[in-house]
Amino acid sequence: MKLTQKTMTMTALFVLIAAWAFAGGISTEDRSKAISHLSNTRDLLLKTVKNLNDEQLNYKPSAESWSIAECVEHIAVSEELIFAMAQGTLKEAVDASTETSLAFSDDQLVQVITDRSQKVQTREEFKPTNKYDSYKGSLKAFKAKRKSNIDYLKGTQDELRNHYFQFPFGTADTYQVLLFMSAHSKRHILQIEEIMGSAGFPD
């Protein structure tokens, strides 16, 4: 049967679309999962800190504790630095052989990072230093960067499962670094809730 020019054109178009969809990148399931997690933790943070006044934002349960404002700044700083770490891994050659040495599954990684029973000291560059000039500046920076990171995940064709980063706890692939970023924000949302639940928290 002789194909018409229109049929051949449509067939070629479908082939190109299929090739684009399956050329590297991440699965539809992975993409949806990461976008959902990033969106949910963003919304939870905004809901948790909504309507807090200056006294509440700057209250510290102890001299060694961070305030809620400092937690929000830390989350904003981490959003930038952790995403940069993920992008840095993509400069290395693709290496599918490392997959078997991943420290955790995706769900295990999220669980471990959000577990507040294990306390860790953050690196110097992640500590709050009033980088954004104010609490409002920190929150604005977080929202802008989280939107940018979600937009990246919506469209990226980067091979996030074949590049790797070495955390102190072991190997994670680049996709997991992005999940780590979202889980890390959830960890500090839980810290904010702990501050709000402390005996001296202002009314």
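Up top you'll find the structure we're talking about.
A few points on the structure.

### Some points on the packing of helix 6 (residues 135–155) against helix 7 (residues 174–196)
Relative orientation of the contacting elements helix 6 and helix 7 amounts to 145°, with a least axis distance of 12 Å. Crossing handedness for the pair helix 6 and helix 7: left-handed. On helix 7, the residues touching Arg-146, Asn-149, Tyr-152 and Leu-153 of helix 6 are Leu-178, Met-181, Ser-182 and Ser-185. The residue makeup of the contact of helix 6 with helix 7, split by class, is four nonpolar, three polar and one charged.

### Some thoughts on the pattern of salt bridges
All told, the structure shown has twelve salt bridges when counted by the stated rule. In this structure, Lys-60 engages Glu-70 in a salt bridge whose closest nitrogen and oxygen atoms are separated by 3.5 Å. Remark: Glu-70 occurs in helix 4 (residues 68–89) and Lys-60 occurs in the loop between helix 3 (54–58) and helix 4; sequence separation between them is ten residues. A residue is classified by how much of its surface remains accessible, and Lys-60, at 36% relative accessible area, is partly exposed. As a salt-bridge pair, Arg-146 and Glu-79 come within 2.7 Å of each other at their nearest N and O atoms. Within this pair, whereas Arg-146 is found in helix 6, its partner Glu-79 is found in helix 4, the two being separated by 67 residues in sequence. Residues Arg-146 and Glu-79 agree in their burial class; the two are buried. It is possible to trace a salt-bridge network through shared partners that takes in Asp-30, Asp-106, Arg-161 and Asp-173.

What counts, and at which threshold
Residues numbered from 1 in each chain as written. Predicted model: local features only at pLDDT ≥ 70, side-chain atom pairs only at ≥ 80, totals over all residues. Heavy atoms only, no water. Axes fitted to C-alpha atoms, helices over the stretch in contact; angles between N-to-C directions. Helix = DSSP H or I, 4+ residues; strand = E, 2+ residues; numbered from the N terminus. Left-handed = near helix turned anticlockwise from the far one by under 90°. Contact = heavy atoms within 4.5 Å. Nonpolar A, V, L, I, M, F, W, Y, C, P; charged D, E, K, R; others polar. Salt bridge = Lys/Arg side-chain N within 4 Å of Asp/Glu carboxyl O. Buried < 20%, exposed > 50% of the residue type's maximum accessible area, 1.4 Å probe, protein only.

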